[in-house]
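Below, each chain spelled out in residue letters.
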Amino acid sequence: MSEKNNAEKNGDDPAVYNVHASLERIERYEELNNFITVCGGRAEQDAFNASAAKRSGYDLPLYGMTFSVKDNIAVAGVETTCASKAFSCVPERDAEIVEKLVNAGAAVVGKTNMDEFAMGSTNEYSAFGPVLNALDKLRVPGGSSGGAANSVAARQVDFAIGSDTGGSVRQPAAYCGVVGLKPTFLSSGRNGLIGLAPSLDTYGIFAQDCDTLARIFGAVRGEETKVETDGSGLKIGIADEFLSQRLESGVERSYLRALDVLKKSGAEIVRIKLPSVRAALAAYHVISSAEVARTFSETFSDLNINALGAEVKRRIVMGNIVVTGDNYDDIYIKACKVRAKICSEFDAALKECAVILSPTCPTVASELGSMRDPDKNHNNDIFTSPISLAGLPAVSVPFGRCDGMPVGIQIIGDKFDERTVLSVGKTLESNDI
């Protein structure tokens, strides 16, 4: 009998019971530094409200579940900091995605740590200190949504909400050994997200498995999302441009084994061409930095710049250089042309196959302090940034291990076809060893 069923048998409300269990695990594993703010009172109120609604006959697909929210997403009455000493606000209302999840029966238990203003790939660029990977405290959890991913890995919550600009959900999902979905751009809205790159920022979801994630995504979209494991006749695309990247040996082995598993499930592997993805990482950093600089100039002009961390300052400076004078045509416009080519190439490729498979990251989670070099740090997004530029849905699913840590496999789908993406992910899950 589950803990929830035990609680119900003993006369305790299972939703409230689960909130208390979640809060206890947050306290027990406080040293991981996953949370900036814990909101136990709000969580209990959410659970009480869900229980009352359930007794009144409402259908609540996420009843009794707890979730965390990245600290750049609004939760009413709870401080939002974006993990920065330079910023603080208390929103009056929930972000749209938070409101939908609470209305579906889930309870918010806290705001998670992140790279400051969502700039970074290790969750070491936080004014509140680094997050320690729940699977190995000497390693990073990835970023910028590292606290959110890690809160799921540590089973402090049932699921978590993060944001993804160039890989900030998929990469920490890979490092923490959980499932992380970046939906189609704007398919889940952006209301209540403090984003800095408007053409790239989107919500993302973390969960333990694809079935759970599909249920959560369905609640966000207001429709049931079922996933299957029958890959018979499905065409899986692989691109030489992804295979030619330098990978850790264990990552490469896991990727090749994932292809073998899908072939044995009945899928057909087809070769596709994505020549422009070789320039995607450079184009991504040009475009995102330009948008960051513009957003800070227009929205955050009253912030104390001296209180910002080095990575945020670096990206603002880079963005200002990109959009100034001759650089605008020579750098920014060229990056936008690369983006247009990437979108066109993915559109053509996805006419030949249902999904495209790649590693999520070239490596597994690195040791704390080992990725301070911006070039090394940014290379973690080499497989995720092209998908963000194209606005496509993608999920990272743990499959295999390297150096004792989980490997993430990225499944990329056509716009608004998250169901197929998650179904392929479920096939890999059911065949992992």
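Residues numbered from 1 in each chain as written. Predicted model: local features only at pLDDT ≥ 70, side-chain atom pairs only at ≥ 80, totals over all residues. Heavy atoms only, no water.

What to know about the overall build of the protein chain
- Each helix and strand counted, the protein chain has 15 helices and eleven strands in total.
- Relative to a compact globule of 433 residues, whose C-alpha radius of gyration would be 22 Å, the protein chain shows 21 Å and is just as compact.
- A principal-axis box enclosing the C-alpha atoms of the protein chain has dimensions of 65 × 55 × 40 Å.
- Split into buried and exposed, the 433 residues of the protein chain put 60% on the buried side.
- Considering only intrachain contacts with a sequence separation of at least 6, the fraction spanning at least 24 residues in the protein chain is 76%. (Helix = DSSP H or I, 4+ residues; strand = E, 2+ residues; numbered from the N terminus. Rg over C-alpha atoms; globule rule 2.2 N^0.38 Å. Buried < 20%, exposed > 50% of the residue type's maximum accessible area, 1.4 Å probe, protein only. Contact = heavy atoms within 4.5 Å.)

Observations regarding the environment of Cys210
- Relative to the helices and strands, Cys210 is located in helix H7 (residues 210-221).
- For the pair formed by Cys210 and Leu181, sequence separation is 29 residues and the distance between their alpha carbons is 9.1 Å.
- The residues contacting Cys210, other than those within four sequence positions of it, are Val179, Val227, Val397, Leu422, Gly425, Lys426 and Glu429.

Side note on the side chain of Gln156
- For Gln156, the location among the structural elements is in the loop between helix H5 (146-153) and strand S4 (159-164).
- Taking relative accessible area as the criterion, Gln156 reaches 1% and is therefore assigned buried.
- For Gln156, the residues in contact, after removing those within four places along its chain, are Ser22, Arg25, Ile26, Tyr29, Asn34, Phe35, Thr66, Asn150 and Ser151.

So, unusual backbone geometry
- Each neighbour pair has its own omega, and for Gly143 with Ser144 the value is 5°, a cis peptide bond.
- Inspection of the secondary structure assignment puts Ser144 in the loop between strand S3 (107-112) and H5.
- Non-glycine residue Ala83 carries a positive phi angle of around 55°.
- Among the secondary structure elements, Ala83 is positioned in the loop between strand S2 (66-70) and helix H4 (96-103).
- Judged by its relative accessible area of 0%, Ala83 falls in the buried class.
- Here the phi dihedral of Arg155 falls at roughly 55°; this positive angle occurs in a residue that is not glycine.

A short note on the pairing of strand S9 (residues 355-359)
- Within S9, five of the five residues are buried, which leaves the element mostly enclosed by the surrounding structure.
- Bridging between strand S7 (residues 235-239) and S9 involves two bridges; their strand directions are parallel. In the strand pairing of S9, Gly237 is matched with Ile356. (Pairing = 2+ DSSP bridges.)

Some words on the sheet that holds S9
- Overall, mixed pairing links the eleven strands, which are arranged S1-S3-S2-S4-S6-S5-S10-S11-S9-S7-S8 in an open sheet. The open sheet is flanked by strand S1 (35-38) and strand S8 (268-272), the only strands paired with a single partner. With strand direction ignored, the average angle separating the axes of adjacent strands in the sheet is 30°.
- For S2 and S3, the ladder comprises five bridges, and the chain directions are parallel. For Phe67, the partnering residue across the bridge sits in S3 and is Val108. (Axes fitted to C-alpha atoms, helices over the stretch in contact; angles between N-to-C directions.)

Observations regarding the packing of aromatic side chains
- All chains considered together, the criterion is met by eight aromatic pairs.
- A centroid spacing of 5.2 Å and a plane angle of 70° characterise the contact between Phe117 and Phe296, whose relative ring orientation is edge-to-face. You can see Phe117 sitting in the loop between S3 and H5 and its partner Phe296 sitting in helix H10 (residues 280-299), a full 179 residues away along the chain. Across the pair, exposure class does not vary: Phe117 and Phe296 are buried alike.
- An angle of 45° between the planes, with centres 5.3 Å apart, marks the rings of Phe296 and Phe300 as tilted.
- For Phe296, a relative accessible area of 5% corresponds to the buried category.
- Residue class for Phe300 comes out buried when judged on its relative accessible area of 8%. (Phe/Tyr/Trp six-rings, centres within 6.5 Å; stacked < 30°, edge-to-face > 60°.)

Describing the side chain of Ser366
- Summarising the element assignment, Ser366 is placed in the loop between S9 and helix H13 (374-379).
- Apart from the residues within four sequence positions on either side, Ser366 is in contact with Leu138, Arg139, Val140 and Met371.

Some thoughts on the nonpolar core
- Within the largest apolar cluster, 95 residues are counted, with the highest numbers of intra-cluster contacts made by Phe67, Phe159 and Phe346.
- Judged by nonpolar contacts, the second largest core, of 24 residues, contains Ala107, Ala149, Val152 and Val157. (Core = buried A, V, L, I, M, F, W, Y, C linked by side-chain atoms within 4.5 Å.)

Points about the environment of Tyr284
- Residue position: Tyr284 is located in helix H10.
- Excluding residues within four positions of it along the chain, Tyr284 makes contact with Thr165, Gly166, Leu200, Ser385 and Leu389.

A look at the environment of Glu352
- Following the sequence through the fold, Glu352 ends up in the loop between helix H12 (327-349) and S9.
- Note on Glu352: relative accessible area 44%, which makes it partly exposed.
- The spatial distance from the C-alpha of Glu352 to the C-alpha of Arg271 is 9.0 Å, given a sequence separation of 81 residues.
- Once you skip the residues sitting within four places of it in the chain, Glu352 turns out to touch Lys235, Val270, Arg271 and Ile272.

Structural notes on the confidence of the model for the protein chain
- This prediction gives the protein chain a mean pLDDT of 93; 96% of its residues lie at or above 70.
- Confidence over residues 1-11 falls short of pLDDT 50; this stretch has twelve contacts with residues more than four positions distant or in other chains. (pLDDT = per-residue confidence, 0-100.)

A look at H7
- The terminal C-alpha atoms of H7, which comprises twelve residues, lie 16 Å apart, in line with the 16 Å expected from a rise of 1.5 Å per residue.
- Burial runs high along H7: nine of the twelve residues are buried.
- Within H7, burial applies to Cys210, Thr212, Leu213, Ala214, Ile216, Phe217, Gly218, Ala219 and Val220.
- Sitting at the head of H7, Asp209 places a side-chain oxygen 3.2 Å from the backbone nitrogen of Asp211.
- Of the residues flanking the end of H7, it is Gly222, one or two places downstream, whose phi is positive at about 75°. (Expected span 1.5 Å × (residues − 1). Polar contact = N/O pair within 3.5 Å; in protein donor to acceptor, adjacent residues only side chain to side chain.)

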